[in-house]
Amino acid sequence: MASRKDAQHVADSHGLIRVHGARVNNLKDVSVEIPKRRLTVFTGVSGSGKSSLVFSTIAAESQRMINETYSTFVQGFMPTPARPEVDVLDGLTTAITVDQQRMGADPRSTVGTATDANAMLRILFSRLGTPHIGPPGAYSFNTASVRASGGITVERGAARTKTVKATFNRTGGMCTRCEGRGSVSDIDLTQLYDDSKSLSEGAFTIPGWKSDSQWTVQVYAQSGFVDPDKPIRRYTRKELQAFLYGEPVKVKVNGVNLTYEGLIPKVQKSFLSKDKEALQPHIRAFVERAVTFTTCPECDGTRLSEGARSSKIKGVSIADACVMEIRNLAEWVRGIDEPSVAPLLAALQQTLDSFSEIGLGYLSLDRPAGTLSGGEAQRVKMIRHLGSSLTDITYVFDEPTIGLHPHDIQRMNKLLLRLRDKGNTVLVVEHKPETIVIADHVVDLGPGAGSAGGTVCFEGTVEGLRAGNTVTGRHFDDRAAVKESVRKPTGVLEIRGASAHNLRDVDVDIPLGVLTVVTGVAGSGKSSLVHASIPPGENVVSVDQSPIKGSRRSNPATYTGLLDPIRKAFAKTNGVKPALFSANSEGACPTCNGAGVIYTDLGMMAGVATTCEDCEGKRFDASVLEYRLGGRDISEVLAMSVAEAEEFFGTGDASTPAAHRVLRRLADVGLGYLSLGQPLTTLSGGERQRLKLATHMAEKGGVYVLDEPTAGLHLADVQQLLGLLDRLVDSGKSVVVVEHHQAVMAHADWIIDLGPGAGHDGGRIVFEGTPADLVAGRSTLTGEHLAAYVSA
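Residues numbered from 1 in each chain as written. Predicted model: local features only at pLDDT ≥ 70, side-chain atom pairs only at ≥ 80, totals over all residues. Heavy atoms only, no water.

1. What about the overall build of the protein chain?
In step 1: Check the secondary structure of the protein chain and you find 28 helices and 27 strands.
In step 2: Summarising its shape, the C-alpha atoms of the protein chain cover approximately 85 × 80 × 70 Å along the three principal directions.
In step 3: Per-residue burial for the protein chain yields a buried fraction of 50% across its 792 residues.
In step 4: Considering only residue pairs separated by 6 or more positions, the protein chain has 66% of its internal contacts joining residues 24 or more positions apart.
In step 5: Entry remark: accessible area of the protein chain is about 36,200 Å², with carbon and sulfur atoms responsible for 50%.
In step 6: Distance between charge centroids for the protein chain: 5 Å, based on 85 positive and 89 negative side chains. (Helix = DSSP H or I, 4+ residues; strand = E, 2+ residues; numbered from the N terminus. Buried < 20%, exposed > 50% of the residue type's maximum accessible area, 1.4 Å probe, protein only. Contact = heavy atoms within 4.5 Å. Areas by Shrake-Rupley, 256 points an atom, 1.4 Å probe, with all protein chains shown as cover. Lys, Arg positive; Asp, Glu negative; His and termini not counted. Charge placed at Lys NZ, Arg CZ, Asp CG, Glu CD.)

2. What to know about helix α4 (residues 117–128)
Structurally, the α-helix is built with 3.6 residues per turn, so residues lying three or four positions apart point the same way.
In step 1: For α4, spanning 12 residues, the distance from its first C-alpha to its last is 16 Å, which sits close to the expected 16 Å at 1.5 Å a residue.
In step 2: Among all positions of α4, only Ala 117, Asn 118, Met 120, Leu 121, Arg 122, Leu 124, Phe 125, Ser 126 and Leu 128 are buried.
In step 3: Against the buried residues of α4 lie α3 (111–115), β12 (312–313), β13 (316–317), α10 (318–323), α11 (326–334) and α12 (342–357). (Expected span 1.5 Å × (residues − 1).)

3. As for the packing of aromatic side chains
In step 1: Overall, the coordinates contain 14 aromatic pairs when judged by the stated rule.
In step 2: Ring geometry for Phe 581 against Tyr 627: centres 6.0 Å apart, planes inclined by 70°, an arrangement best described as edge-to-face. With a gap of 46 residues between them, Phe 581 in the loop between α20 (563–574) and β22 (597–600) and Tyr 627 in the loop between β23 (608–611) and α21 (634–638) connect regions that are remote in the sequence.
In step 3: The buried category is assigned to Phe 581, whose relative accessible area is 0%. (Phe/Tyr/Trp six-rings, centres within 6.5 Å; stacked < 30°, edge-to-face > 60°.)

4. Some details on the sheet that holds strand β16 (residues 441–446)
In step 1: Pairing within the open sheet is mixed, and its 6 strands lie in the order β5-β14-β15-β3-β16-β17. Whereas interior strands pair on both sides, the edge strands pair on one side only; in this sheet they are β5 (95–98) and β17 (455–460). Adjacent strand axes in the sheet meet at a mean angle of 15° when their direction is disregarded.
In step 2: Sheet topology note: the β5/strand β14 (residues 394–398) ladder contains 4 bridges and is parallel. Within β14, the position partnered with Ala 95 by the bridge is Thr 394.
In step 3: Against the sheet, helix α1 (residues 50–67) engages β3 (39–43), β5, β14, β15 (425–429) and β16, with an angle of about 135° to β5. (Pairing = 2+ DSSP bridges. Axes fitted to C-alpha atoms, helices over the stretch in contact; angles between N-to-C directions.)

5. Concerning empty space enclosed by the protein
In step 1: Tallying each qualifying case throughout the model produces 4 cavities of 30 Å³ or more.
In step 2: Approximately 130 Å³ is the volume found for the largest cavity.
In step 3: As for the largest cavity, its lining consists of 16 residues, and the residues nearest its centre are Ile 402, Lys 432, Thr 710, Ala 711 and His 741.
In step 4: Split into classes, the residues belonging to the lining of the largest cavity amount to 4 nonpolar, 7 polar and 5 charged.
In step 5: Asp 668, Val 669, Arg 690, Leu 693, Leu 713, Asp 717, Gln 720, Leu 721 and Leu 724 are the residues that line the second largest cavity.
In step 6: Of all the secondary structure elements, the ones that give two or more residues to the lining of the second largest cavity are α24 (685–696) and α25 (715–730). (1 Å grid on protein atoms, 1.4 Å probe; cavity = no way out; pocket = protein on both sides within 12 Å on 5 of 7 lines; lining within 4 Å. Points joined across faces, edges and corners; volume = space filled by probe spheres on them. Nonpolar A, V, L, I, M, F, W, Y, C, P; charged D, E, K, R; others polar.)

6. Focus: the nonpolar core
The nonpolar side chains of a soluble globular protein tend to be buried with one another.
In step 1: Among the nonpolar cores identified, the biggest contains 71 residues, and Ile 566, Ile 634, Phe 649, Leu 676 and Val 735 are the most heavily contacted of them.
In step 2: The biggest single contributor to this core is α25, with 7 residues. (Core = buried A, V, L, I, M, F, W, Y, C linked by side-chain atoms within 4.5 Å.)

7. What about the sheet that holds strand β4 (residues 88–90)?
In step 1: Taking strand neighbours across the sheet as the criterion, the 3 strands line up as β2-β1-β4 in an open arrangement whose pairing is antiparallel. One side of each edge strand has no neighbouring strand; the edge strands of this open sheet are β2 (30–35) and β4. Going from strand to strand, the sheet's axes swing by 10° on average, the running direction of each strand aside.
In step 2: α1 contacts β1 (16–22), β2 and β4 of the sheet and is inclined by roughly 115° relative to β1.

8. Here we look at helix α28 (residues 781–791)
In step 1: By the burial criterion, the buried members of α28 are Thr 782, Gly 783, Leu 786, Ala 787 and Tyr 789. The buried residues of α28 occupy an angular sector of 160° when projected down its axis, which confines them to one face.
In step 2: Close packing links the buried residues of α28 with β20 (515–519), α26 (742–747), β26 (750–755) and α27 (771–777). (Arc of directions from axis to C-beta.)

9. Section: the environment of Cys 178
In step 1: Residue position: Cys 178 is located in the loop between β7 (161–170) and β8 (183–187).
In step 2: Residues Cys 178 and Phe 141, spaced 37 residues apart in sequence, show a C-alpha to C-alpha distance of 10.0 Å.
In step 3: Ignoring anything within four residues of it in the chain, the contact list for Cys 178 reads Ser 183, Val 184, Cys 296, Cys 299 and Arg 303.

10. Structural notes on the pattern of salt bridges
In step 1: As enumerated under the stated definition, the model contains 30 salt bridges in all.
In step 2: Between Glu 357 and Arg 418 there is a salt bridge, with its nearest N and O atoms 2.0 Å apart. Of this pair, Glu 357 sits in helix α12 while Arg 418 is found in helix α14 (residues 406–421), placing the two residues 61 residues apart along the sequence.
In step 3: Under the relative-accessibility criterion, Glu 357 is labelled partly exposed at 32%.
In step 4: Between Arg 487 and Asp 749 there is a salt bridge, with its nearest N and O atoms 2.7 Å apart. Of this pair, Arg 487 sits in the loop between α17 (471–475) and β18 (491–498) while Asp 749 sits in the loop between α26 and β26, placing them 262 residues apart in sequence. (Salt bridge = Lys/Arg side-chain N within 4 Å of Asp/Glu carboxyl O.)

11. Describing the packing of α4 against α12
In step 1: As a packed pair, α4 and α12 sit with axes 10 Å apart at the nearest point and diverge in direction by 150°. Relative to α12, the element α4 lies roughly antiparallel. As for the relative orientation of α4 and α12, their crossing is left-handed in sense. Taking contact as the criterion, the partners of Ala 117, Met 120, Leu 121, Ile 123 and Leu 124 in α4 are, on α12, Leu 344, Leu 345, Ala 347, Leu 348 and Thr 351. (Parallel < 35°, antiparallel > 145°, perpendicular 65-115°, else oblique. Left-handed = near helix turned anticlockwise from the far one by under 90°.)

12. Describing the environment of Ser 126
In step 1: Summarising the element assignment, Ser 126 is placed in helix α4.
In step 2: Residues Ser 126 and Lys 312 lie 186 residues apart in sequence; the distance between their C-alpha atoms is 9.9 Å.
In step 3: Not counting residues up to four positions away in its chain, the partners in contact with Ser 126 are His 132, Gly 134, Pro 135, Pro 136 and Tyr 139.

13. Some words on the packing of α11 against α12
Any two packed helices are characterised by how steeply their axes cross, that is the angle between the axes, and by the distance between the axes.
In step 1: Two elements in contact, α11 and α12, have axes whose closest approach is 9 Å; the angle formed by their N-to-C orientations is 155°. Regarding the angle of α11 to α12, the classification is roughly antiparallel. Considering the relative orientation of α11 and α12, their crossing is left-handed. Facing Ile 326, Arg 327, Leu 329, Ala 330, Val 333 and Arg 334 of α11, the residues of α12 in contact are Leu 345, Leu 348, Gln 349, Leu 352, Asp 353, Phe 355 and Ser 356.
In step 2: Taken together, the residues that form the contact of α11 with α12 break down as 8 nonpolar, 2 polar and 3 charged.

14. Things to note about unusual backbone geometry
Phi is mostly negative for residues that are not glycine, and the peptide bonds are mostly trans.
In step 1: Backbone torsion omega between Gly 446 and Pro 447 reads 0°, so that peptide bond is classified as cis.
In step 2: Secondary-structure assignment places Pro 447 in the loop between β16 and β17.
In step 3: Even without being glycine, Asn 25 reaches a positive phi, approximately 50°.
In step 4: If you trace the backbone, Asn 25 turns up in the loop between β1 and β2.
In step 5: What makes Asn 25 partly exposed here is its relative accessible area of 45%.
In step 6: Positive phi outside glycine occurs at Glu 399, with the angle close to 45°.

This is the structure we're talking about:
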């Protein structure tokens with residue numbers, strides 16, 4: 001009999017995260033056991049349920065249970081997610097989620113502020129900077145200088161008061177001209193209104209301001225400061241001053257108290273306070289027309305006041321430090337030898353070195369956070385965890401290899417293994433074989449996507465996955481071959497003297513009429529060349545990595561514009577208004593207002609969503625469901641998959657060519673399994689990317705510019721994407737793709753490789769030619785990896 005000493009301690013028996021009966025989104029009673037302190041990779045086609053299991057079930061429940069450990073008072077200030085729909089979930093540890101969500105697009109947010117590196121630099125300069133100008137806030141571009149003086153009343157016991165004079169002074173580092181933004185704007189008034197018209201005639205040309213019934217327009221028309229029936233060009237100087245620059249003041253409009261504010265500050269708050277790249281396309285187009293952004297002449301784009309720029313350490317100001325590449329800044333910090341701030345220097349050094357370690361040494365601390373790609377944002381979020389002393393944490397990653405060149409993936413793999421080796425559980429949703437192969441445990445979901453997925457097809461080792469008969473197993477060792485013959489270009493798109501970001505006066509001819517792939521290591525200048533240097537115009541359609549915006553009421557039918565022809569077809573067949581067939585308008589169920597569910601707010605407890613009893617979750621009023629098209633009511637149509645709807649609207653009584661064209665595009669990008677009414681909030685990252693691509697395919701352009709279209713795509717889906725790109729080119733389009741995936745590189749007609757490194761080490765063209773020439777020469781990092789890929 002084994003001695004007590006040799007027997008396993010009961011505390012060591014909890015080595016698994018057990019999930020039983022998970023039914024979140026499309027999961028079908030999924031049950032898995034995930035080993036702790038191991039690296040587990042979740043695979044499967046896009047939409048198979050990976051994110052639903054890992055993020056919406058395991059990570060969400062861990063976060064919810066942590067929140068419950070706080071007092072009810074504290075919980076009142078925290079998000080209150082509902083418990084995931086799962087029977088058993090135990091063995092959980094604290095989960096830290098590192099997802100692909102782009103970082104805040106606030107113009108005041110930079111790489112430095114997002115990682116606390118700026119905070120440490122500010123303290124460093126407040127201690128060692130000469131001349132000394134003040135505390136850390138004096139070096140912050142988000143802190144304004146404030147001065148105040150006046151009388152204050154001091155109470156000293158019963159009925160004893162004394163008024164004394166007091167002054168308050170706070171030194172901030174914000175540039176007063178640009179208010180810490182680094183750029184100033186000049187507004188073109190002709191883009192805001194037509195001065196030949198009066199307000200009552202619809203003078204405003206601002207998006208969303210054209211309706212007479214719109215509240216914002218009514219505030220101006222009924223404010224009493226201007227005559228709504230007089231053309232704007234005939235306003236007196238006093239009226240024009242009040243109209244354009246009036247201070248905020250309360251006014252009564254139709255019996256409602258509202259705030260009147262001059263047009264210029266109103267537009268600045270509504271449009272210019274947000275990052276331009278985060279705006280909706282039509283709003284962004286308006287801002288680009290109406291506003292000219294130029295570098296602030298006072299601070300030269302540094303965002304900082306003259307005082308903050310004058311204080312230096314070893315000849316370097318905080319503005320100079322923030323504009324350096326982080327790897328160079330780390331060397332500068334390493335050269336500071338001052339015992340009085342040794343702990344601060346050590347912490348700052350560790351943070352800066354983490355950037356280089358994770359492959360982001362080419363960034364600078366003043367880089368706006370909103371300009372980072374999804375992959376860069378994810379790696380920036382990782383930085384605060386790399387030096388953590390915490391162990392037995394569950395780290396959850398969403399495709400950490402997105403945006404990484406094959407050369408960089410090995411570095412990412414080492415970081416994941418390092419987190420595991422510290423005694424943490426690492427859960428990774430991933431498609432790339434280079435990362436799947438390092439897993440200790442693999443969970444493969446499928447077999448298909450959407451309603452055809454949501455089950456566990458395989459659990460075990462990587463060798464078992466390779467030998468298995470799942471979609472992932474069969475495609476695991478797929479390799480695309482280099483084209484034997486390539487298309488001949490029909491012309492060229494000239495780029496001359498490109499110098500955006502790190503580009504070094506690049507001259508390049510992008511061939512037209514072919515599939516061109518722009519590649520290179522992360523940070524080499526690919527996006528700068530393609531997005532910032534290709535001249536925009538009606539002939540260029542750009543599909544970037546910006547996220548899809550949409551609420552739980554948004555779905556593929558509303559996002560793609562598919563619902564408009566469907567509503568019109570229902571209205572025409574039944575002789576009623578199209579608005580009846582909108583769950584956000586007249587046709588909505590009056591009980592749930594078209595949401596399909598009733599939300600009950602329980603204060604600091606998790607809110608409860610119950611299916612509406614009147615419409616049974618169909619979202620429409622019962623009278624609307626009596627109208628039919630081709631034998632189906634509107635709720636039944638929205639419940640169809642794209643494939644079913646394509647057939648339904650293609651022939652017979654329900655034939656609707658406009659709807660059929662949209663559905664064909666959705667099927668072409670591999671979204672045939674999605675239901676038309678599925679909320680956008682439930683779509684995976686890969687599905688959203690392809691939904692955006694399908695929408696842009698409707699635009700008439702000769703040149704399509706795609707930014708990493710393989711993001712979120714399974715190995716099996718990449719072949720379908722290549723077929724779609726071929727169809728675009730064969731139809732007479734020119735396709736330019738920024739991509740790291742070797743299958744896309746091998747399939748290209750022409751490759752433009754940037755490098756040789758990242759940041760200041762990149763920004764040059766290191767290869768132009770066919771994939772076959774790149775493989776044969778092996779003269780660049782891309783050439784070496786592509787050669788290894790096609791010969792494997």
